[in-house]
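Letter by letter, the chains look like this.
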Amino acid sequence: RRSKFGGLFINRDAVGSASFNRVVAADALYAPNRAFSLHTIAAKSYSPNVSGDSNAYHARALYLDTRWQTYAEFTQLDPHFNDEVGFIPRTGIRTTKVHLERNPRPGGLIRVMEPMINLIYTTDLNNRLLTRRIHHMLGTRFQNGAYLNMWWNRWFDQIDTPFKVQTVTIPKGTRSEEHTSE
C-alpha cells in the first residue's frame, strides 16, 4: 500500500529552432513497512548533437523509527545528462551519502540524544575524489525544549578549474578544512 511506481516525460522545444531537450524517467518507491523504504529513479536525456553518456541514476535506502534515523544513497550523473527544465549543478559524477543516527531517550532532564555521523563522498566517473564531507554531531534535546548541539565537520574539495565569487577568485587545487561548534 505504501509502494509506488511512476514515470516522467519532459519536453522542451524552442519555437523556430531545431533546439530541444527531452528527459524520460522512471521512479519507484518500495516501502514494505513504516520504517523501511527504498527509492529509485533512472532518467535519460535527449538533446541535439549529444549521443551516449546521458543517463542519471539515484537510489536511496531509508530506515526511520523512533530509535534510528539512517539512510544510504547513491547518485550517478553521466557527463552528457542534460535536464534543461530542471537544475543539475554538476554532471560526470558519482555521489554516495551515508547517514547513521541513533536516538536514545534516557529520561530525566534529557528528552532525546541525537548522536550521528553523515558522510558525503563525490568522485568523477573514474573514481577520483572530488569532494568529501564528514559531519559528526552530538545533539541533545532537553525536556524543557532547550537543546545543545556539538558538531565537527571535515571537508575536502578538489578544484580543477578556478572560479570567481563576486570579487574573489578561488584558485584550482586541493582544499581541506575542519570546523567545530557548540
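Here, every reference points to the structure presented above.
Residues numbered from 1 in each chain as written. Predicted model: local features only at pLDDT ≥ 70, side-chain atom pairs only at ≥ 80, totals over all residues. Heavy atoms only, no water.

Visitor: How should the pattern of salt bridges be read in this particular structure?
Guide: Charged atoms that come close allow side chains of opposite charge to pair. Scanning the entire structure with this criterion turns up 8 salt bridges. Across the salt bridge formed by Arg12 and Glu84, the nearest N and O atoms sit 2.4 Å from each other. Of this pair, Arg12 sits in strand β1 (residues 4-13) while Glu84 sits in the loop between β5 (69-77) and β6 (93-101), and the two are 72 residues apart along the sequence. A relative accessible area of 38% places Glu84 in the partly exposed class. For the salt bridge of Glu178 with Arg154, the shortest nitrogen-to-oxygen distance reads 3.7 Å. Within this pair, whereas Glu178 is found in strand β12 (residues 173-181), its partner Arg154 is found in strand β9 (residues 147-159), the two being separated by 24 residues in sequence. (Salt bridge = Lys/Arg side-chain N within 4 Å of Asp/Glu carboxyl O. Helix = DSSP H or I, 4+ residues; strand = E, 2+ residues; numbered from the N terminus. Buried < 20%, exposed > 50% of the residue type's maximum accessible area, 1.4 Å probe, protein only.)

Visitor: Help me understand the environment of Ala146, please; the structure alone is not making it clear to me.
Guide: Counting through the fold element by element, Ala146 comes out in the loop between β8 (129-142) and β9. In this structure Ala146 touches Thr140 and Arg141, once residues within four positions along its chain are discounted. (Contact = heavy atoms within 4.5 Å.)

Visitor: Help me understand the packing of aromatic side chains in this model?
Guide: Two numbers describe a pair of aromatic rings. These are the distance of the centres and the angle of the planes. By the definition in use, this model includes 0 aromatic pairs. Sitting over the ring of Tyr71, Arg60 keeps its end group 4.2 Å from the ring centre. (Phe/Tyr/Trp six-rings, centres within 6.5 Å; stacked < 30°, edge-to-face > 60°. Lys NZ or Arg CZ within 6 Å of the ring centre and 35° of its normal.)

Visitor: Can you walk me through the sheet that holds β12 in this structure?
Guide: The pairing of strands in a sheet comes from backbone hydrogen bonds and takes either a parallel or an antiparallel form. Spatial strand order, β1-β2-β3-β4-β5-β6-β7-β8-β9-β12: 10 strands in an open sheet with antiparallel pairing. The open sheet has two edge strands, β1 and β12, and neither has a second partner. If you compare each strand with its neighbour and ignore which way they point, the axes differ by 5° on average. With 7 bridges connecting them, β5 and β6 associate as antiparallel partners. (Pairing = 2+ DSSP bridges. Axes fitted to C-alpha atoms, helices over the stretch in contact; angles between N-to-C directions.)

Visitor: Just to check I follow, could you spell out the environment of Tyr57 for this structure?
Guide: Within the element layout of this structure, Tyr57 appears in strand β4 (residues 55-64). In this structure, Tyr57 is in contact with Ile41, Ala42, Phe74, Thr75 and Gln76, ignoring residues within four places of it in sequence. A distance of 3.4 Å separates polar atoms of two side chains, one belonging to Tyr57 and the other to Asn55. (Polar contact = N/O pair within 3.5 Å; in protein donor to acceptor, adjacent residues only side chain to side chain.)

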